[in-house]
Amino acid sequence: MRIVSADVVVTSPGRNFVTLKLTTDEGVTGLGDATLNGRELAVVSYLRDHVVPLLIGTDPQRIEHTWQALYRGAYWRRGPVTMAAIAAVDVALWDIKAKIAGLPLYQLLGGASRDRVRTYGHANGRDIPELLDSVRARLAEGYPAVRVQTGVPGLQRVYGVHDGTAIAAEADGQRIDQRVLPVEEDWDTAGYLRHVPEVLAAVRSEFGPELPLLHDAHHRLSPQEAARLARTVEPFDLFWLEDLTPAENQTALRLVRQHSTTPLAIGEVFNTVHDYRTLIDEGLIDYVRSAVTHFGGVSPLRKLFDYAAQQQIRTGIHGPEDISPVGMAAAIHLDLAIHNFGIQEYSGHTPLTERVFRHAYTFTDGYLHPGEQPGIGVELDEELAAAHPYVPAYLPVNRLLDGSVHDW
Ligand code: GCO
Ligand code: MG
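Residues numbered from 1 in each chain as written. Chains lettered and ligands numbered in written order. Predicted model: local features only at pLDDT ≥ 70, side-chain atom pairs only at ≥ 80, totals over all residues. Heavy atoms only, no water.

(A) Inspection of the side chain of R15 at higher detail. Of note, R15 is situated in the loop between β1 (3–11) and β2 (17–24). Within the local environment of R15, its side chain forms a polar contact with the side chain of N37, the two groups lying 3.4 Å apart. (Helix = DSSP H or I, 4+ residues; strand = E, 2+ residues; numbered from the N terminus. Polar contact = N/O pair within 3.5 Å; in protein donor to acceptor, adjacent residues only side chain to side chain.)

Structure representation (structure tokens):
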């Protein structure tokens, strides 16, 4: 069997998604997600210009061999663009292999370790009353666990509350010519650190002690600030505190661990096992957060999860709206199969996105299941995808009150 074509499809049914479609000489197709929010076209070029020519004529059944050839063969290793491109190939090849076997992907990964996949949803509000309403809405949708984010008094636009993604800057008066520029958000760490305990106290007092609660600090704190936050919120018994410090500094979490037992999650921007080595070897985290889409695919993520399991670390795969249903499906198969599963983030997609990517996975009573369709269980409606072409969009940038740029 040989790969005869490899097409890169860019579509924007509400936000941009990049999908790789591989076709074999026997007509079997496989899909992979290569969406890198705000830098989509860099991955498109990496795939179209540098990867597709290498794939044509190769045997789609040799997944590990192809992965190693793309990773080692480029010489320039790692990085989000490279690893998103390799991820798309890896997942498309697993899709093909599972279709050939006539089995859903999770069966090739060892079969189901559980009956269904627990999720968490996002609740947010500009202030505490709005947040409490949002938590109620998520609970009504069946979510068994909820991530809570609020505005911070004195700040105008804060991560997780205002829809900063994929907005044409015109809405903010920043369109100075035909360019679309990033939305600007503002930040003040001292105000944030004062506010979060008040928010969590209000949520606990409204919903009681049992609801699993999560919170995302989105890489904004210094080691000292992170340690303080983790210690201060300890009475609220979080399921996890996410991305406390910027991802580059693995040793930052040592200080946090010395001062707190709050469970820690990190890794949505990591793209290889090397980003995790200190964190895993020293037991500095409780959950690994990488997505199939940004970590080179199912093959390396499975290896990461097995490595993390040796330190009793569990998984919490990144599942925002900017992971396409293709990337989400691959994640759900993996979640079902691995032993050290923790929780799956699930934000769902717009109805139009669900029509462009028809999927076998289901979301029922807050739990996901990948379905029994052979492969990963996603079909791409290429005509509908083409009717919604790429829209230029950036992620927001974050500024401190003095105008300097802070981590977003
Ligand atoms: C999360 C993430 C997302 C990212 C987004 C960037 O925990 O879901 O932090 O909200 O910001 O995926 O593209
Ligand atoms: Mg996050």
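(B) How the structure looks around the site of ligand 1. In the region of ligand 1, 15 residues are neighbours, and N37, Y159, H218, E268 and E345 sit closest. In the model, an oxygen atom of ligand 1 is placed 3.3 Å from a nitrogen or oxygen of the R147 side chain. Contact distances for ligand 1 include 2.6 Å between an oxygen atom and a side-chain N or O atom of Y159. Here ligand 1, which alone exposes 340 Å², has 90% of that area covered by the protein. Most atoms of ligand 1, that is more than half of them, are within 2 Å of grid points of the largest pocket. Tallied by class, residues from the shell around ligand 1 come to 4 nonpolar, 4 polar and 7 charged. (Near = heavy atom within 4 Å. Areas by Shrake-Rupley, 256 points an atom, 1.4 Å probe, with all protein chains shown as cover. 1 Å grid on protein atoms, 1.4 Å probe; cavity = no way out; pocket = protein on both sides within 12 Å on 5 of 7 lines; lining within 4 Å. Sits in = over half its atoms within 2 Å of the grid points. Nonpolar A, V, L, I, M, F, W, Y, C, P; charged D, E, K, R; others polar.)

(C) Representation of the domain arrangement of the protein. By domain assignment, the protein separates into domain 1 (3–104) and domain 2 (108–163 + 180–372). Domain 1 and domain 2 are separated by 26 Å when their C-alpha centres are compared. If you look at the interface, domain 1 gives 32 residues, while domain 2 gives 32 residues. Roughly 2400 Å² of surface becomes buried between domain 1 and domain 2 when both sides are summed, with 63% attributable to carbon and sulfur atoms. Area buried by domain 1 at its contact with domain 2 is led by P13, D33 and P104, which between them contribute 24% of it. The salt bridge partner of K303 is E64, with a shortest N-O separation of 2.8 Å. Of all elements in the fold, only β2, β3 (29–33), α2 (63–73) and α3 (80–101) reach the threshold of two or more residues within the side of domain 1 that touches domain 2. In terms of residue count, α3 provides more of the side of domain 1 that touches domain 2 than any other element does, 11 residues in total. A class-by-class count of the residues in the side of domain 1 that touches domain 2 yields 19 nonpolar, 7 polar and 6 charged. (Domains from an automatic or database assignment. Contact = heavy atoms within 4.5 Å. Buried area = accessible area lost by both parts, 1.4 Å probe. Salt bridge = Lys/Arg side-chain N within 4 Å of Asp/Glu carboxyl O.)

(D) Expanded view of helix α8 (residues 252–259). Among the residues of α8, A252, L253 and V256 are the ones counted as buried. Projected down its long axis, α8 shows its buried positions confined to an angular sector of 80 degrees, all on one face. Residues of α8 that are buried in the fold lie against α7 (223–232), β9 (264–266) and α9 (277–281). (Buried < 20%, exposed > 50% of the residue type's maximum accessible area, 1.4 Å probe, protein only. Arc of directions from axis to C-beta.)

(E) Broad picture of the sheet that holds strand β17 (residues 397–400). Taken in spatial order, the 3 strands line up as β6-β17-β18 in an open sheet, and their pairing is mixed. Of all strands in the sheet, those bounded by a partner on one side alone are β6 (184–187) and β18 (405–406). Bridging between β6 and β17 involves 4 bridges; their strand directions are parallel. Bridge assignment links E185 to a residue of β17, and that residue is N398. (Pairing = 2+ DSSP bridges.)

(F) Broad picture of the sheet that holds β3. One open sheet holds the 3 strands; their spatial order is β1-β2-β3, and the pairing between them is antiparallel. The open sheet has two edge strands with one neighbour each: β1 and β3. With direction set aside, neighbouring strand axes in the sheet form an average angle of 20 degrees. Summarising the sheet, β2 and β3 pair through 5 bridges and their orientation is antiparallel. When the sheet's bridge partners are listed, T19 is paired in β3 with D33. In this fold helix α1 (residues 40–55) packs onto β1 and β2, with an angle of close to 175 degrees to the strand it touches most, β1. (Axes fitted to C-alpha atoms, helices over the stretch in contact; angles between N-to-C directions.)

(G) View of the confidence of the model for the protein. Here the protein averages 95 in pLDDT, while 96% of its residues score no lower than 70. Predicted confidence for residues 165–176 stays below pLDDT 50, and this span has 27 contacts to residues more than four positions away or in other chains. (pLDDT = per-residue confidence, 0-100.)

(H) Expanded view of the packing of aromatic side chains. Applying the stated criterion to the full structure yields 13 aromatic pairs. Centroid distance Y120 to W240: 5.3 Å. Interplanar angle 85 degrees. Geometry classified as edge-to-face. Of the two residues, Y120 sits in strand β4 (residues 117–125) while W240 sits in strand β8 (residues 240–242), which places them 120 residues apart along the sequence. Accessibility classification places Y120 together with W240 in one group, the buried group. Among the aromatic residues, those joined into a cluster by ring pairs are Y120, F239, W240 and Y287. Over the face of the ring belonging to Y367 we find R116, whose NZ or CZ atom lies 3.6 Å from the ring centre. For the cation-ring pair, R220 lies above W187, with the distance from its terminal atom to the ring centre recorded as 4.6 Å. (Phe/Tyr/Trp six-rings, centres within 6.5 Å; stacked < 30°, edge-to-face > 60°. Lys NZ or Arg CZ within 6 Å of the ring centre and 35° of its normal.)

(I) The layout of surface pockets, seen in detail. Estimates place the volume of the largest pocket at around 1500 Å³. Around the largest pocket, the lining is made up of 49 residues, and of these N37, H218, E268, L395 and W408 lie nearest the centre. Looking at the lining of the largest pocket, the element that brings in the most residues is β4, giving 3 residues. Looking at the lining of the largest pocket residue by residue, the class counts come to 17 nonpolar, 16 polar and 16 charged. Split by domain, the lining of the largest pocket shows at least three residues from each of two domains, domain 1 (3–104) and domain 2 (108–163 + 180–372). (Points joined across faces, edges and corners; volume = space filled by probe spheres on them.)

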